[in-house]
Amino acid sequence: MQYGLTSSVLTRLKIKNPPAGTESDFRFCWEVNYASICGKKLLIVIHADTRYGMVFCDIKPGVWKDFPAFMRGAIREALLREGFDDSEVEKYFAMASEVSCTKTHGRKAMGGMNHIVTNLPYIDKELVPGMFQPCITNSINRDICTTAVHPEWDYFYPNKAFVQEMSKLLRDEYL
């Protein structure tokens, strides 16, 4: 599994000259950005294959100290939130290659991130206490979109695409 990190995340993690993202199966790639939006520092995590996203605020220092553990927990919670069970979550992590932090996976994979960062100031949702921001996360995952990664999909909702792709991968179900 690869975490494609923007320059702002690389700076926070004190990583210099990471390798380029090379994973060919975008189902195991997550793009991560740390941006200041409307005066708040937000950590935005996007599934490169489906544009499924998560938004976090008030990032605790421990996140930066053990970033891979934070990401594993965030991905685990996303899969559980979307209806997958513990065994399916563990299957996902078992199927993924070893975790590595890389540069982002290029313009196709980052298109969704750029769209979300541009539109976040216009989402009419309040930040809630705690790091995970469920209302904003739900908003970005229910924003109809397209993606260069899957031009055959036409228009789709990221949450539905994520469930569909993970169901194919983990359950061999085609929804």
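Below, the structure is looked at part by part. (Residues numbered from 1 in each chain as written. Predicted model: local features only at pLDDT ≥ 70, side-chain atom pairs only at ≥ 80, totals over all residues. Heavy atoms only, no water.)

Our focus in this paragraph is the nonpolar core. In terms of nonpolar packing, the biggest core is built from 35 residues, with V9, W30, L43, F67, M71, I75 and Y92 touching the most fellow members. In this view, Y92 contacts M1, R27, F28, W30, H47, I75, L79, M166, L169 and L170; residues no more than four positions away in its chain are not counted. Residues L42, C57, M110 and M113 belong to the second largest nonpolar core, which totals 13 residues. (Core = buried A, V, L, I, M, F, W, Y, C linked by side-chain atoms within 4.5 Å. Buried < 20%, exposed > 50% of the residue type's maximum accessible area, 1.4 Å probe, protein only. Contact = heavy atoms within 4.5 Å.)

With respect to the secondary-structure elements, T6 resides in the loop between β1 (2-5) and α1 (7-13). Exposure remark for T6: the relative accessible area of 11% places this residue in the buried category. At 3.1 Å, the side chain of T6 and the side chain of S8 are in polar contact. Here the side chain of T6 touches N33 through a polar contact of 2.9 Å, side chain to side chain. (Helix = DSSP H or I, 4+ residues; strand = E, 2+ residues; numbered from the N terminus. Polar contact = N/O pair within 3.5 Å; in protein donor to acceptor, adjacent residues only side chain to side chain.)

Next up on the list: the pairing of strand β2 (residues 29-37). With eight of nine residues buried, β2 lies mostly within the body of the structure. By the bridge criterion, four bridges tie β1 to β2 in an arrangement that is parallel. Across the sheet, the residue bridging to G4 is E31, located in β2. Bridge count between β2 and strand β3 (residues 40-47): eight bridges; the pairing is antiparallel. Bridging from a neighbouring strand, Y34 pairs with L43 of β3. The turn joining β2 and β3, which pair antiparallel and follow one another in sequence, is formed by two residues; a positive phi near 55° is taken by C38. (Pairing = 2+ DSSP bridges.)

Below, the discussion takes up the packing of aromatic side chains. Taken as a whole and assessed by the stated rule, the structure comprises 11 aromatic pairs. With centroids separated by 5.7 Å and ring planes inclined at 70°, the aromatic side chains of Y92 and F93 adopt a geometry described as edge-to-face. Owing to a relative accessible area of 0%, Y92 belongs among the buried residues under this scheme. Residue class for F93 comes out buried when judged on its relative accessible area of 11%. (Phe/Tyr/Trp six-rings, centres within 6.5 Å; stacked < 30°, edge-to-face > 60°.)

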